[in-house]
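A closer look at the structure
Each chain is listed here by its residues.
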Amino acid sequence: MIVWINGAFSAGKTGAACELIDLIPNSTLYDPGLTGAELRRLLPQKRLAEVTDFQDLPIWRRLVVDTAAALLAELPGVLVVPMTLLRQDYRDEIFGGLASRRIPVRHVLLSTEETILRRRIAEREEYADDPGHSERIRQWAYEHIEPYRAALGWISADAHAIDTSSLTPCETAERIAEALRTGAARECGIVQTPEPRAETVASGVLLFDEQDRVLLVDPTYKPGWEFPGGVVEPGEAPAQAGIREVAEEIGLHLDTVPKLLVVDWEAPKPPAYGGLRFLFDGGRLRGEEAATLLLPGSELRGWRFVTEEEAAGMLPPTRFERLRRALRARERSTVLNLEAGVPVGGP
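Residues numbered from 1 in each chain as written. Predicted model: local features only at pLDDT ≥ 70, side-chain atom pairs only at ≥ 80, totals over all residues. Heavy atoms only, no water.

This part is about the environment of V51. Here V51 shows up in the loop between helix 3 (45-48) and helix 4 (58-74). On the basis of relative accessible area, V51 is assigned to the buried category, the value being 19%. (Helix = DSSP H or I, 4+ residues; strand = E, 2+ residues; numbered from the N terminus. Buried < 20%, exposed > 50% of the residue type's maximum accessible area, 1.4 Å probe, protein only.)

Next up, the structure:
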């Protein structure tokens, strides 16, 4: 389990987290800020200059999920994570990635009156031997008060709030521990689909634009891009599951049954369950059809048409290999149809 402690800069997250690990047996502290600091050392300056915050780096968000999962695999128990998250899409991506690894997250917000928050920021002295650096940190914290206010709507709806205006770090930790014991700090339900209990059967549908680029979608609940599709429900035909998922995810209603391209077996590799995987050819979308694609659900952040070469850098290796095989099967089918004089195309 992860206890994610959110709040404004200088709200007391790290101090409370350090106290909390003394109150929760088998708990470990993980500060994602350390991951961001290392990325500043590892990435080229040209790449770092493209962002103003390391949280804007996709690699940071992926590494936070991977590092947290690795720590829990090495040190089972509770991981306490003090980190400000003010963008809801970043919360979706990180918490969703953790949920896809069967790691529950309890989200706690440390709320502080603004006058007290500003006083704490003014009193911060991060580097006694470098006043200029300390001042830059204070200015950064001041600049993020307004984004924190703007994010309070979704954070308050998502997290268990604790007013720390008059609390010490120890008292704040005790409040968090009590909220965990009583269930007041509930598990985040970021993933809407039920957790599988065994190997699953899943159907994906490949859709193409007029340049034969393939459509990929960006799930909020796991890292990496994916094909439209999902788990086949009990008693449901795999092709019909693909049709249903495409309608639910991107608002597109296929009027013909898609053609089967690939049947694959994905071996279970904990924490993933694996199982049977189908890929279908949903056909080519005309420009006006592609313009009507929607994201009506809460499980997808975005979509885009990509070439095979672009997909290689976006899909995990297993998914890309499945896509590559499907594209070759589609090409062979097209050639056979042309030789037989059968019209080709899509819905």
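Here the focus is the sheet that holds strand 3 (residues 78-82). Read from one edge of the open sheet, five strands run 2-3-1-4-5, paired in parallel fashion. The open sheet terminates on both sides in strands that have one partner only, identified here as strand 2 (27-29) and strand 5 (160-163). Averaged over all adjacent pairs, the angle separating strand axes in this sheet is 25°, with direction ignored. Of the pairings in the sheet, the one linking strand 2 to strand 3 comprises three bridges and is parallel in character. Pairing of T28 across the sheet is with L79, part of strand 3. Along the sheet, helix 4 contacts strand 1 (2-7) and strand 3; its crossing angle with strand 3, the most-contacted strand, is approximately 150°. (Pairing = 2+ DSSP bridges. Axes fitted to C-alpha atoms, helices over the stretch in contact; angles between N-to-C directions. Contact = heavy atoms within 4.5 Å.)

Moving on: the pattern of salt bridges. If you walk through the whole model with that rule in mind, you get 27 salt bridges. Its salt-bridge partner being R244, residue E245 comes within 3.1 Å of it at the nearest N-O pair. Since its relative accessible area comes to 18%, R244 is described here as buried. (Salt bridge = Lys/Arg side-chain N within 4 Å of Asp/Glu carboxyl O.)

I2, W4, L57, W60, I94 and L98 are the most contacted members of the largest nonpolar core, which totals 25 residues. A total of five residues in this core trace back to one element, the largest contributor, which is helix 4. Setting aside chain neighbours within four positions, we find L57 in contact with L39, L43, R47, L48 and V51. Among the nonpolar cores identified, the runner-up in size contains 19 residues, and L20, A173, I176 and A177 belong to it. (Core = buried A, V, L, I, M, F, W, Y, C linked by side-chain atoms within 4.5 Å.)

What describes a pair of aromatic rings is the distance from one ring centre to the other and the angle between the planes of the rings. Evaluated as defined, the whole model comprises four aromatic pairs. Ring centres of W303 and F305 lie 5.9 Å apart, and the angle between their planes is 80°; on these two criteria the pair is classed as edge-to-face. Its relative accessible area of 10% is what places F305 among the buried residues. The ring of Y90 carries R61 above its face, with NZ or CZ at 4.2 Å from the centroid. Across from the ring centre of F208, 3.6 Å away, lies the NZ or CZ of R330, which sits over that ring. (Phe/Tyr/Trp six-rings, centres within 6.5 Å; stacked < 30°, edge-to-face > 60°. Lys NZ or Arg CZ within 6 Å of the ring centre and 35° of its normal.)

Let's shift gears to the packing of helix 4 against helix 5 (residues 88-100). Running from amino to carboxyl end, helix 4 crosses helix 5 at an angle of 30°, the nearest separation of the two axes being 9 Å. In terms of orientation, helix 4 and helix 5 fall into the roughly parallel class. Relative to helix 5, the crossing made by helix 4 is right-handed. Of helix 5, the residues touching helix 4 (which contributes W60, R61, V64, V65 and A68) are Y90, E93, I94, G97 and L98. Residue classes in the contact of helix 4 with helix 5 are distributed as seven nonpolar, one polar and two charged. (Parallel < 35°, antiparallel > 145°, perpendicular 65-115°, else oblique. Left-handed = near helix turned anticlockwise from the far one by under 90°. Nonpolar A, V, L, I, M, F, W, Y, C, P; charged D, E, K, R; others polar.)

Residues E19, D22, E171 and E174 make up a contiguous surface patch of negative charge. Inspection of the secondary structure assignment puts E171 in helix 9 (residues 169-182). The exposure class of E171 is partly exposed, given its relative accessible area of 33%. (Patch = residues over 30% accessible without salt bridge, like charges linked within 9 Å, V, L, I, M, F, W, Y side chains within 5 Å. Areas by Shrake-Rupley, 256 points an atom, 1.4 Å probe, with all protein chains shown as cover. Lys, Arg positive; Asp, Glu negative; His and termini not counted. Charge placed at Lys NZ, Arg CZ, Asp CG, Glu CD.)

Inspection of the secondary structure assignment puts M314 in the loop between helix 12 (308-312) and helix 13 (317-340). A residue is classified by how much of its surface remains accessible, and M314, at 16% relative accessible area, is buried. Considered as a pair, M314 and D218 are 96 residues apart in the sequence and their alpha carbons are 9.7 Å apart. Excluding its chain neighbours within four sequence positions, the residues that come into contact with M314 are L216, G224, W225, R304 and V306.

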